[in-house]
Amino acid sequence: MGGISVSVKLEVAQEILLNLVKVMPKEKVVLSECWRRVLGETVVSDMDFPPFDRSPLDGYALIDAEVAGATPESPVILQQIDYIPAGETPHKPVIPGTACRIMTGAPIPPGATGVIRLEDTIVDGDKVTILDGRGAGKNICLRGEEIAREEEVIFQGTVINAGVMGMLAVLGKSRPAVFCKPRVALIATGSEIVPVDFPLTPGKIRNSNSFMLSAQAAEAGAQTVLLGNASDNVDEIAHLLETASDCDVFITTGGASVGDYDFISEVYKKLGITLLFERVSIKPGMPVLAGIRDGKLYFGLSGNPAAAAISFEQLVRPVLMKMGGRKVWWRPRIKAILAAPFKKMTGAKRFVWARCWQTNNDILVEPSRAQGNGMLKSAMGANAIIVIPENSPPLPLNAEVEVILLVDA
Ligand SMILES: Nc1nc2c(c(=O)[nH]1)N[C@H]1C(S)=C(S)[C@@H](COP(=O)(O)OP(=O)(O)OC[C@H]3O[C@@H](n4cnc5c(N)ncnc54)[C@H](O)[C@@H]3O)O[C@H]1N2
Ligand code: MOO
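Residues numbered from 1 in each chain as written. Chains lettered and ligands numbered in written order. Predicted model: local features only at pLDDT ≥ 70, side-chain atom pairs only at ≥ 80, totals over all residues.

## Here we look at the overall build of the chain
Applied cut-off: Going along the chain from the N terminus, every DSSP run of H or I of four or more residues is numbered as a helix, and every run of E of two or more is numbered as a strand. Restricting the calculation to C-alpha atoms gives the radius of gyration, and the globule rule supplies 2.2 Å times the number of residues raised to the power 0.38.
In terms of helices and strands, the chain carries 8 helices and 24 strands. A compact globule built from 409 residues should have a C-alpha radius of gyration of about 22 Å, whereas the chain, at 31 Å, is more than 25% larger. Each principal axis of the C-alpha distribution contributes one length, and for the chain these read about 95 × 50 × 40 Å.

## Thoughts on the sheet that holds strand E4 (residues 76–84)
Basically, it comes down to this: For two strands to pair, DSSP has to find at least two bridges joining them. For helices, the fitted line uses only the C-alpha atoms of the stretch in contact; every axis is such a line through C-alpha atoms, and the angle between N-to-C directions lies from 0 to 180 degrees.
On the basis of which strands lie adjacent, the open sheet formed by 6 strands has the order E6-E3-E5-E4-E8-E7 and mixed pairing. Here the strands that pair on one side only, and so sit at the sheet edges, are strand E6 (114–117) and strand E7 (121–124). If you compare each strand with its neighbour and ignore which way they point, the axes differ by 35° on average. Note: E7 against strand E8 (residues 127–130), 4 bridges, orientation antiparallel. Bridged to Ile 122 within E8 is Thr 129.

## A look at the confidence of the model for the chain
To keep things clear, this is the line we draw: Per residue, pLDDT measures the predictor's confidence, with a range of 0 to 100.
Per-residue pLDDT for the chain averages 94, and the proportion of residues at 70 or more is 97%. Note on the complex model: pTM 0.91, ipTM 0.95.

## Quick word on the site of ligand 1
Going by this rule: Placing a C-beta atom from the backbone of each residue, we mark the residue near a molecule or strand if the atom is within 6 Å of it. Under the scheme applied, nonpolar residues are Ala, Val, Leu, Ile, Met, Phe, Trp, Tyr, Cys and Pro; charged residues are Asp, Glu, Lys and Arg; polar residues are all the others, including Gly.
Around ligand 1 lies a shell of 26 residues, among which Asn 209, Gly 254, Ser 257, Ser 302 and Gly 303 are the nearest. Looking at the shell around ligand 1 residue by residue, the class counts come to 10 nonpolar, 14 polar and 2 charged.

## A closer look at the sheet that holds strand E19 (residues 296–301)
The strand order E14-E11-E15-E19-E18-E16 describes an open sheet built from 6 strands, whose pairing is mixed. Single-partner strands in this sheet number two, and they are strand E14 (223–230) and strand E16 (274–279). Shown here is a sheet whose adjacent strand axes are inclined to one another by a mean of 15°, direction ignored. Judged from the 4 bridges that link them, E16 and strand E18 (residues 287–293) form a sheet pairing that is antiparallel. Residue Arg 279 lies in a different strand from E18, and its bridge partner there is Pro 287.

## Here's the deal with the environment of Gly 144
Applicable threshold: For every residue pair, C-beta atoms are placed from the backbone, and the pair is scored as a contact if these atoms sit within 7 Å.
The topology assignment puts Gly 144 in the loop between E8 and strand E9 (152–154). Sequence separation between Gly 144 and Pro 51 is 93 residues; the distance between their C-alpha atoms is 6.4 Å. With residues up to four places along the chain from it excluded, the contact list for Gly 144 reads Asp 48 and Phe 49.

## Looking at the domain arrangement of the chain
Selection rule: A domain assignment, automatic or from a database, supplies the domain bounds used here.
Under the domain assignment, the chain is made up of domain 1 (2–25 + 181–323), domain 2 (28–47 + 155–179), domain 3 (59–138) and domain 4 (333–405). Each of domain 2 and domain 3 was reduced to a C-alpha centroid, and the two centroids are 38 Å apart.

## Things to note about the nonpolar core
Using the following cut-off: Nonpolar cores are identified as sets of buried Ala, Val, Leu, Ile, Met, Phe, Trp, Tyr and Cys residues joined via C-beta atoms within 7 Å. The exposure scheme places C-beta atoms from the backbone and then counts, for each residue, the other C-beta atoms within 10 Å of its own, assigning buried at 20 or more, exposed at 12 or fewer, and partly exposed in between.
Within the largest apolar cluster, 78 residues are counted, with the highest numbers of intra-cluster contacts made by Ile 251, Phe 299, Leu 315, Leu 320, Ala 354, Val 365 and Ile 386. Look past the residues within four positions of Ile 251 in its chain and what remains in contact with it is Val 184, Ala 185, Leu 186, Leu 213, Phe 299, Leu 301 and Val 316. Residues Cys 100, Ala 106, Val 115 and Val 128 belong to the second largest nonpolar core, which totals 23 residues.

## So, the packing of helix H5 (residues 234–242) against helix H6 (residues 264–271)
Put simply, the rule is: Roughly parallel refers to an angle under 35 degrees, roughly antiparallel to one over 145, roughly perpendicular to one between 65 and 115, and oblique to any angle outside these ranges. Two helices crossing with the near one rotated counterclockwise from the far one by less than a right angle form a left-handed crossing, whereas a clockwise rotation gives a right-handed crossing.
Interaxial distance between H5 and H6 falls to 9 Å at its minimum, and their mutual angle equals 60°. Looking at the two axes, H5 sits oblique to H6. The chirality of how H5 crosses H6 is right-handed. Residue-level contacts link Val 234, Ile 237, Ala 238 and Leu 241 of H5 to Glu 266, Val 267, Lys 270 and Leu 271 of H6. Residues of the contact of H5 with H6, tallied by class, amount to 6 nonpolar, no polar and 2 charged.

## Quick look at unusual backbone geometry
The omega torsion of the bond from Phe 49 to Pro 50 falls at -5°, within 30 degrees of zero and hence cis. Phi angles above zero are rare outside glycine, and Asp 294 is one such case at about 50°. Within the secondary structure, Asp 294 is located in the loop between E18 and E19.

## Here we look at the environment of Gly 203
Looking at the secondary structure, you find Gly 203 in the loop between strand E12 (193–194) and strand E13 (205–206). Each C-alpha atom of the pair Gly 203 and Glu 192 lies 6.3 Å from the other, and the pair is 11 residues apart in sequence.

Following this line, the structure appears as structure tokens:
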């Protein structure tokens, strides 16, 4: 069936899929568990931050004009009238001729207009000798200088990285709303495939796709459910797919092409899954089916590991990212210079695992050495994917190419 079907263009396939995506509902999650989740609310601050003028130094709060000219030769002597640790409030206002000992993070007392660090003073009982009084006025963190009350500080769709974790804590969000993770069911099909912990008998290989794709799905913010293996049998594959009705996305690998045992389109027919496309003009990853039933997307990826990985990257990943509430679902792309020639002709748009690095003047990129549809080695050390446009001749050393960086946008 795959042999007579027409390939759709990658961009068309992506658009079809993304238009069908339903964004996941939200849940409240305790902050300590929120790292890498996607924020489901825009957080507005209910306070200024810092909430009070505070000292960035251990030293003396004082009136800056009084000490501006102080030098070791001509110091200014003040009287200490208060002691303010962080976490407490000042007891007395600063008046001319006085200073308050203050700790980093403590509130600036009324009347003080600057802080001098301890190292620029000599302390003798309650007498403080200021040896260098320059810049005291700058040593105050002003109330609200980082965040203003009513400010929208973090936006819905933000991926919660370490900085966002900290900011959510600043704002008192102990259980922020986050998007539920899409649940992805993974099934490896193929009578030659055995579970990873089974002994290998002649003709068999281990199921590596489920583990590779589960890692890719996790990286795209999804939760995976490994449903195991099915042999090349329509009923068996169909039955296994139906065991995971609580999943949001269904992925099979294998049986996506034109061989006698390539059954996935039959499975879709049997289950009443509407076929969206069954070939996409990319290499690797040409054989890839997508279907929909009851608003849920089904993907039939190639069995070839590197093909499955590229199909996932180009078709499934953006879907999961959008479902998961993200605002950006494409990876960043840059231009780079080929550090080794790429000798093959390219028909369908080609994706080549690669490593890229920065030199003094350029960003260079080198295709991984072991490029082949079935070769996982080429993907292993890659930090980038070179995109070669359709109908390209072989590319010489130093040709400029487009590169997808394997990092989040
Ligand atoms: N006559 C044609 N034959 C093939 C064509 C074609 O156009 N005409 N396309 C080739 C290309 S390109 C690809 S890609 C593969 C796609 O085949 P399938 O998607 O049907 O995948 P399988 O045949 O089931 O498996 C391919 C390969 O990968 C191994 N495999 C399968 N599952 C796993 C797994 N879970 N873990 C590790 N490895 C797996 C499998 O044993 C095969 O070696 O079709 C070409 N043929
Ligand atoms: O389509 Mo195959 O995916 O070139 O490996």
